[in-house]
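Residue-level structure breakdown
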Amino acid sequence: MTYAIEVKGLSKSFRSADKALDDVSLRIAPGEMVALLGASGSGKSTLLRHLAGFVAGDRGEITVNGQVIQSQGRISKRVRGARAGIGFVFQQFNLVGRLPVITNVLAGMLPRVPMYRSLLRWFRHDEIQVGLQALAQVGIDGYAFQRASTLSGGQQQRAAIARTLVQNARTILADEPIASLDPESSRRVMDTLAQINRSRGVAVVVSLHQVDVAMRYCPRVVALRRGKVVYDGPSAELSAAMLRDLYGADLNELMPGVDDVADADPAPGLAAAAPQLIAA
Ligand SMILES: Nc1ncnc2c1ncn2[C@@H]1O[C@H](COP(=O)(O)OP(=O)(O)OP(=O)(O)O)[C@@H](O)[C@H]1O
């Protein structure tokens, strides 16, 4: 089977002796939707950036969509080609604010169009139609010809997701995509990711601070603590004890009401503790 993501023995230390990633191994199948959880500094962003080949690890191997991204501390020479199948969604959207939304979305096509057209950002009519369809899928086609900077944060994030659709990404990596959004915009962005995951069979790995959001949208959770995978399994089986262990005193802030849940209670008990967060 060709995995969407396969990581074997990935480790990374920055300047300090502490490992930002410590012997991480995981496999994610095409079409899975997986939440990356963990306290601040646990290694979520670092792992996502390694998966996209933005950063080289110290050791270990990563393949995405069956293509090698890096191996034993070296980024693959063919990483540009491999990246074409990876959509990366950033916390701060990464759009060019002064350009129209549609131009930002069509940037997902740049690796495929001839160099002269990519430099001029000149797109054909049929390509613009593809961009408009992607914007319609994320529900903001009415804003296609406005400057990106005039959209709300949630709309900008959906434009960033539309860019991954135009790119034809087989795997989407989303690094805290809702961290700077209000609850309603967060819900729309997560709904959009879940809908793309279901309708296109795209694998989605999303790092989140909000435990309740992870449980609601992602059947599987990978939890990191100090760069190590400490849980990899169904989100419904995450216990209150595991979450306390992951987040310590911060848990009640991330999931109000969790203090009333017994240690052994699995997620349904946690859901009952925070119905206002989990309800549609
Ligand atoms: N470029 C870098 N240089 C030095 N240290 C780094 C760098 N990037 C990450 N780190 C360190 O690696 C560790 C993991 O950081 P990372 O940003 O991956 O955590 P995170 O789980 O995404 O946290 P948060 O939820 O706060 O975004 C931290 O100790 C961080 O300081």
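Note that the structure is predicted; figures quoted are calculated from it, not measured.

With 14 residues, helix α6 (residues 153-166) should reach 20 Å at 1.5 Å per residue; the first-to-last C-alpha distance of 20 Å fits that figure. Taken across its 14 residues, α6 has 13 buried, putting it largely inside the fold.

A sheet is described by the order of its strands in space; here six strands give the open sequence β7-β8-β9-β3-β10-β11, paired in mixed fashion. The sheet is open, and its two edges are formed by β7 (86-89) and β11 (228-234), each paired on a single side. If you compare each strand with its neighbour and ignore which way they point, the axes differ by 15° on average. Both strand β3 (residues 33-37) and strand β9 (residues 203-207) contribute to a ladder of four bridges, which runs parallel. Bridging across to β9, M33 finds its partner in V204. Set on the sheet, α6 makes contact with β7 and β8 (171-175); between it and β7 the angle comes to about 170°. Set on the sheet, helix α9 (residues 240-247) makes contact with β3, β10 (220-225) and β11; between it and β10 the angle comes to about 40°.

A few words on the pattern of salt bridges. Taken as a whole, this structure holds eleven salt bridges when the rule is applied. Note that E32 and R220 form a salt bridge whose closest N and O atoms lie 2.8 Å from each other. Remark: R220 occurs in strand β10 and E32 occurs in the loop between β2 (19-28) and β3; sequence separation between them is 188 residues. Of the residues examined, E32 reaches a relative accessible area of 22% and is grouped as partly exposed. For R220, a relative accessible area of 13% translates into the label buried. As a salt-bridge pair, E184 and R187 come within 3.0 Å of each other at their nearest N and O atoms. Of this pair, E184 and R187 both sit in helix α7 (residues 183-200), three residues apart, which is roughly one turn of that helix. On the accessibility criterion, E184 (38% relative accessible area) is partly exposed. Its relative accessible area of 29% is what places R187 among the partly exposed residues. The network of salt bridges with common partners includes E184, R187, R188 and D191.

Attention now moves to the layout of surface pockets. Rolled over the atoms, a probe sized like a water molecule indicates the empty space that remains. Of the pockets and cavities examined, the largest pocket occupies roughly 570 Å³. The wall of the largest pocket is formed by 17 residues, among which R83, A107, G108, P111 and Q167 lie closest to the centre. Elements with a contribution of two residues or more to the lining of the largest pocket: α2 (79-83), β7 and α6. In terms of residue count, the dominant contributor to the lining of the largest pocket is α6 (three residues). When grouped by side-chain class, the residues that make up the lining of the largest pocket number ten nonpolar, four polar and three charged.

In spatial order, the strands read β2-β1-β4-β5-β6; together these five strands make up an open sheet with antiparallel pairing. Each edge of the open sheet is held by one strand with a lone partner, namely β2 and β6 (74-75). In this sheet, strand β4 (residues 59-64) lies alongside strand β1 (residues 5-13) in antiparallel orientation, the contact comprising five bridges. Across the sheet, E6 pairs through a bridge with T63, a residue of β4. Docked against the sheet, helix α1 (residues 44-51) engages β1, β2, β4 and β5 (67-71), running at close to 60° with respect to β2.

Taken together, 14 residues sit near the ligand, with S40, G41, K44, S45 and T46 positioned nearest. Here K44 contributes a side-chain N or O atom positioned 2.8 Å from an oxygen atom of the ligand. In this structure, T46 approaches the ligand through a side-chain N or O atom, which is 2.5 Å from an oxygen atom. Protein coverage of the free-state accessible area of the ligand, which is 640 Å², stands at 63%.

What follows deals with the packing of α6 against α7. Interhelical geometry of α6 versus α7 gives an angle of 15° and a closest axis separation of 9 Å. As far as their axial angle goes, α7 and α6 are roughly parallel. As α6 packs across α7, the resulting crossing turns out to be right-handed. Side by side, α6 and α7 meet where G154, Q157, R158, I161 and L165 of the first sit next to S185, R188, V189, T192, L193, I196 and R200 of the second. Grouping the amino acids of the contact of α6 with α7 by side-chain chemistry returns five nonpolar, four polar and three charged.

Reading guide: rules and limits
Residues numbered from 1 in each chain as written. Predicted model: local features only at pLDDT ≥ 70, side-chain atom pairs only at ≥ 80, totals over all residues. Heavy atoms only, no water. Helix = DSSP H or I, 4+ residues; strand = E, 2+ residues; numbered from the N terminus. Expected span 1.5 Å × (residues − 1). Buried < 20%, exposed > 50% of the residue type's maximum accessible area, 1.4 Å probe, protein only. Pairing = 2+ DSSP bridges. Axes fitted to C-alpha atoms, helices over the stretch in contact; angles between N-to-C directions. Contact = heavy atoms within 4.5 Å. Salt bridge = Lys/Arg side-chain N within 4 Å of Asp/Glu carboxyl O. 1 Å grid on protein atoms, 1.4 Å probe; cavity = no way out; pocket = protein on both sides within 12 Å on 5 of 7 lines; lining within 4 Å. Points joined across faces, edges and corners; volume = space filled by probe spheres on them. Nonpolar A, V, L, I, M, F, W, Y, C, P; charged D, E, K, R; others polar. Near = heavy atom within 4 Å. Polar contact = N/O pair within 3.5 Å; in protein donor to acceptor, adjacent residues only side chain to side chain. Areas by Shrake-Rupley, 256 points an atom, 1.4 Å probe, with all protein chains shown as cover. Parallel < 35°, antiparallel > 145°, perpendicular 65-115°, else oblique. Left-handed = near helix turned anticlockwise from the far one by under 90°.

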